[in-house]
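Here are the chains, one letter per residue:
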Amino acid sequence: MDCVEQSNADAEAPSVIDRYFTRWYRADMKGKSCEDHCILQHSNRLCVVTLAETHPILQDGRTIKSINYQISNGCSRLNNKVSGKSKRGAQFLTDFAPLCRIMCSDDTEYTIYSCIRGRLLEVNENILETPNLLLGKPATEGYIAVILPKFEESKSITENLLTREEFESVVSKRSLSQPP
């Protein structure tokens, strides 16, 4: 194989995300237009919560002022301590459980939700020190949290989520209905 064929093969190789994860979407979270979330589901049931490409935080060149995992006075996602095979100590999340609040430099605040039921295994503490990870690499180093759904519910958690094609259809309809 010559150099030209080799470079074409490298250019067409799927990313790790595309190869090992299935993308699911939740559009217009809690009725708020364009606040879209993306769930990356691995074959081992682990789900990574990220921002969808269309989320307002990733649009219009916004910058992030702060990220806060303190949901209420008695609940901080940073206090989540998981141990053992059965993931003892993990906080249990419902579909609409808030994971964090993100404050942008223009003083708009966005609440990021879990979108699925399951145990909170990890939150990304790296984005607290480096919020630009969330802007530059939302699906990899800039993820929000990792959630493990119950085994019995692992197939049914995606019932309320959209496939990539369905999500693209929603986004295109949304862009047609909004004036420029």
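Because the structure is a prediction, the values reported are computed rather than measured. (Residues numbered from 1 in each chain as written. Predicted model: local features only at pLDDT ≥ 70, side-chain atom pairs only at ≥ 80, totals over all residues. Heavy atoms only, no water.)

**Q** Tell me about the overall build of the chain, and please be specific about residues and values.
**A** For the chain, the helix and strand inventory stands at 5 helices and 11 strands. The C-alpha radius of gyration of the chain comes to 17 Å, within 12% of the 16 Å expected for a compact globule of 180 residues. Along the first, second and third principal axes, the C-alpha set of the chain runs to 60 × 45 × 35 Å. Relative to its full complement of 180 residues, the chain shows a buried share of 41%. Surface exposure of the chain reaches about 10,200 Å², of which carbon and sulfur atoms provide 50%. Each charge class in the chain can be summarised by its mean position, and for the 22 positive and 24 negative side chains these summaries are 10 Å apart. (Helix = DSSP H or I, 4+ residues; strand = E, 2+ residues; numbered from the N terminus. Rg over C-alpha atoms; globule rule 2.2 N^0.38 Å. Buried < 20%, exposed > 50% of the residue type's maximum accessible area, 1.4 Å probe, protein only. Areas by Shrake-Rupley, 256 points an atom, 1.4 Å probe, with all protein chains shown as cover. Lys, Arg positive; Asp, Glu negative; His and termini not counted. Charge placed at Lys NZ, Arg CZ, Asp CG, Glu CD.)

**Q** How would you explain the packing of aromatic side chains if you had to name every residue and give the values?
**A** Inspection of the entire model under this criterion finds 1 aromatic pair. Here the aromatic rings of Tyr25 and Phe167 are separated by 4.1 Å at their centres, their planes lie at 5°, and the arrangement is stacked. One end of the pair, Tyr25, is in strand β1 (residues 21-26); the other, Phe167, is in helix α5 (residues 164-177), with 142 residues separating them in the sequence. For Tyr25, a relative accessible area of 0% gives the class buried. (Phe/Tyr/Trp six-rings, centres within 6.5 Å; stacked < 30°, edge-to-face > 60°.)

**Q** Outline the nonpolar core, listing residues and values.
**A** Among the nonpolar cores identified, the biggest contains 31 residues, and Ile39, Ile67, Ile102, Leu134 and Ile144 are the most heavily contacted of them. Among the elements of the structure, β3 (47-51), β4 (64-68), β8 (98-104), β9 (109-113), β10 (118-123), α4 (132-136) and β11 (145-148) are those that each provide at least two residues to this core. Tallying contributions element by element places β8 first for this core, with 4 residues. One finds Ile17, Cys38, Leu40 and Leu121 within the second-largest nonpolar core, a separate group that totals 12 residues. (Core = buried A, V, L, I, M, F, W, Y, C linked by side-chain atoms within 4.5 Å.)

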